[in-house]
Amino acid sequence: MSVPALETARLLLRPLALGDAPAIQAHFPRWEIVRHLASRVPWPYPPDGALVFVRDQALPAMERGDAWHWSLRLREAPGELVGVGGLLRGERENRGLWIGLPWQGRGLGTEACQALAAYWFDALGMPVLRVPKASANAASRRLSASAGMRVVDVREGDFVAGRMTEELWELTADEWRARAG
């Protein structure tokens with residue numbers, strides 16, 4: 001299954017491409033963005049980190065049908081990447097998202113997560129969406145709570161900033177459909 005383009009009121013979600021790596025490299029490696037991400041994210045972020053992620057991880061997973069990744073762009077400035085969102089097959093981790101610092105605090109993450117959840121449940125027919133996160137990541141917790149997700153598990157996890165409490169947030173397809181109306 002190919003990854004389709006998606007749209008929201010303010011965002012264009014375009015299938016991630018190798019050409020997105022330079023913009024990811026420019027915006028992603030910021031402590032404020034990566035500190036609460038899983039420890040598998042290298043830190044300090046290497047100069048070719050975005051290229052390696054897109055070329056060696058994201059694109060092959062997309063080709064296998066194990067992941068769906070998008071660059072996030074404002075409708076008003078479609079040439080500029082403002083973040084990346086992705087969906088992943090797996091038991092504990094199904095969604096990832098980051099927004100570049102200049103665009104944070106505008107509700108773009110909420111908008112992107114709504115589009116990703118709609119694709120996950122409606123297009124892919126998945127029964128449940130799970131998102132692990134550091135409990136210290138208040139912005140991500142607010143994002144999940146506003147989407148109707150709930151905490152279903154708490155454990156210790158390894159993050160870029162070190163070992164801390166990890167929460168697993170969950171939303172079922174039935175809950176999604178009830179909220180979507």
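Relevant structure appears above.
What comes next is a walk through the structure. (Residues numbered from 1 in each chain as written. Predicted model: local features only at pLDDT ≥ 70, side-chain atom pairs only at ≥ 80, totals over all residues. Heavy atoms only, no water.)

**A look at the sheet that holds strand 4 (residues 77–88)**
Read from one edge of the open sheet, five strands run 1-2-3-4-5, paired in antiparallel fashion. Pairing within the sheet leaves two strands with one partner each, and these edge strands are strand 1 (6–7) and strand 5 (95–99). Running at roughly 115° to strand 3 (residues 67–74), helix 3 (residues 49–64) makes contact with strand 2 (11–15) and strand 3 of the sheet. (Pairing = 2+ DSSP bridges. Helix = DSSP H or I, 4+ residues; strand = E, 2+ residues; numbered from the N terminus. Contact = heavy atoms within 4.5 Å. Axes fitted to C-alpha atoms, helices over the stretch in contact; angles between N-to-C directions.)

**Concerning the packing of aromatic side chains**
All told, the structure shown has six aromatic pairs when counted by the stated rule. Judged by centre distance (5.1 Å) and plane angle (70°), the rings of Phe-28 and Tyr-45 are edge-to-face. Taken together, the positions of Phe-28 in the loop between helix 1 (21–27) and helix 2 (31–34) and Tyr-45 in the loop between helix 2 and helix 3 put the pair 17 residues apart, joining distant regions of the chain. Residue Tyr-45 is classed as buried on the basis of its relative accessible area, which comes to 13%. Note on Trp-31 and Trp-43: the rings are 5.6 Å apart at their centroids and 50° apart in plane angle, and the pair reads as tilted. (Phe/Tyr/Trp six-rings, centres within 6.5 Å; stacked < 30°, edge-to-face > 60°. Buried < 20%, exposed > 50% of the residue type's maximum accessible area, 1.4 Å probe, protein only.)

**Thoughts on the pattern of salt bridges**
For the coordinates displayed, the defined rule picks out 18 salt bridges. A salt bridge links Arg-64 to Asp-66; its shortest N-O distance comes to 2.9 Å. For Asp-66, a relative accessible area of 30% translates into the label partly exposed. Through salt bridges with shared partners, a single network forms among Glu-91, Arg-130, Arg-150, Glu-170 and Glu-175. (Salt bridge = Lys/Arg side-chain N within 4 Å of Asp/Glu carboxyl O.)

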